[in-house]
Amino acid sequence: MVHKLNEFHKNKNNLQKVLLFTILFCILPFGKVLCQSNIKLNLSVGAGTYFSVISKGFLNDYNSVIGGIKQDFMHQFAPNISLIVNWNQYYSVCLNTSLIHFKLQENFSKETFAGSNQFRLLLEDFNITTFPINFRVKFSDFNSKYRSFFGIGAGIAYSKVEWKESVNTPIPNDIRVGGTIYDKKGFYPTISSQMGVELLFDKGSVPKMISGINLSTEIVYVARYDTIFERQIKQHYNNYPAFNDKHGIIPFMFGIDIGIIFNLDNTKINRVFGSNI
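Since we're looking at a predicted model, the values are computed, not measured.

Trainee: Account for the overall build of the protein, with residues named and values stated.
Mentor: If you tally the helices and strands in the protein, you get 4 helices and 12 strands. Once local pairs closer than 6 in sequence are excluded, the contacts in the protein between residues at least 24 apart make up 74%. Working note: accessible area of the protein is about 15,200 Å², and carbon and sulfur atoms make up 62% of it.

Trainee: Can you lay out the pattern of salt bridges for me, pointing to particular residues and giving the numbers?
Mentor: Per the stated rule, a full pass over the model turns up 8 salt bridges. Residue Glu-198 pairs with Lys-138 through a salt bridge whose shortest N-O separation is 2.8 Å. With Glu-198 in strand β8 (residues 179-200) and Lys-138 in strand β6 (residues 119-139), this pair connects stretches of sequence that are 60 residues apart. For the salt bridge of Lys-145 with Asp-202, the shortest nitrogen-to-oxygen distance reads 2.0 Å.

Trainee: Just give me the short version of the pairing of strand β12 (residues 252-263), but keep the residues and values in it.
Mentor: For a regular strand, side-chain orientation follows a simple rule: the groups alternate between the two sheet faces. Where strand β1 (residues 40-53) lies against β12, 12 bridges are found, and the strand directions are antiparallel. From the neighbouring strand, Ala-47 faces β12, where its bridge partner is Ile-258. In the sheet, strand β9 (residues 210-222) pairs with β12 via 11 bridges, with the strands oriented antiparallel. Pairing of Ile-213 across the sheet is with Ile-260, part of β12.

Trainee: Talk me through unusual backbone geometry; I want residue IDs and the actual numbers.
Mentor: We note that Asn-117 has phi near 60 degrees; this positive angle belongs to a residue other than glycine. The topology assignment puts Asn-117 in the loop between β5 (100-111) and β6. Within the chain, Asn-173 stands out as a residue other than glycine whose phi angle is a positive 55 degrees. Among the secondary structure elements, Asn-173 is positioned in the loop between β7 (146-168) and β8. For Asn-173, a relative accessible area of 78% gives the class exposed.

Each value, and the rule that gives it
- Residues numbered from 1 in each chain as written.
- Predicted model: local features only at pLDDT ≥ 70, side-chain atom pairs only at ≥ 80, totals over all residues.
- Heavy atoms only, no water.
- Helix = DSSP H or I, 4+ residues; strand = E, 2+ residues; numbered from the N terminus.
- Contact = heavy atoms within 4.5 Å.
- Areas by Shrake-Rupley, 256 points an atom, 1.4 Å probe, with all protein chains shown as cover.
- Salt bridge = Lys/Arg side-chain N within 4 Å of Asp/Glu carboxyl O.
- Pairing = 2+ DSSP bridges.
- Buried < 20%, exposed > 50% of the residue type's maximum accessible area, 1.4 Å probe, protein only.

Have a look at this one:
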C-alpha cells in the first residue's frame, strides 16, 4: 500500500510538471509574439493511427521463449491536437499531443516439456498506451494556401504498459501461474519528426472559424526500455538471457493523421496580452 501511494504521488508530481510546462509554453515564451496584431493562432484537431516500428526484438524473444505467434501489435484509433503559433512567414511553433494505443491479444498451447505430450494453454494480453506532449517547430511557406511542411519536436511522454497472462496447466502446483507479468506507468523523453501538406479553404466557402485541413505522417521515438520479462524468471526452470535484458517497448511509432485547422479569435487573445489594437 505504501509503495502504491508513493507511486501515485510520484506520478501526480510528474503530471503537475507537464501541466506547468504547458502553461509556460502558452504564456511566457509567446507573450511578446501574441501582442503583435498580425499573429496567427490556429488549433488543429485530428485523428489517425500509428504503427509499431522496430519492435521485433521484443516480439522475437516473446515468441521464442513464451511461445506466442503474433508478429506485430494491433494499432488503434489515435486522436491528436495541436496549438500552433505562426512565428513568421517561414516557420511556426506549436504544442502537440496525441493518444496512442497498441494491443496484443492471443491464446495458444505450448508443451510443458519436450516429449511430455502435456500442454499448457496460455492467454496473453498486452495494452500499451502512450501520451506524448511535444514542443515542435514547423517549417513551411505560410503565405501559400497549399503548402507542404516539415516539423521536428521534443518533449515528454506519459506511458502505461500492462501485460497480463492466464495459464491453464495440467501440472499440479505448476510454477507457471501467469498473472500480471508487467505493469508500469511513467514518463519518458520523446522526440518526433513530422511532414505533410496543408490546404487552406477560400474565404466564404466554409465557416470563418475553419481555416483548412492537413494531412501528415509522423515518426515518434519514446526512450522506453525496461526488463519486461523479469517476472517470468520465477515461472521458468531455464533462466533465458532475454529475462535479464532490457527491451525497447515500441520505442518507434509511425503515424498517419488527418486534421481540421481552426482559426482562433486573435483580437481577444491580443487584448489579453496587452495589445493596443
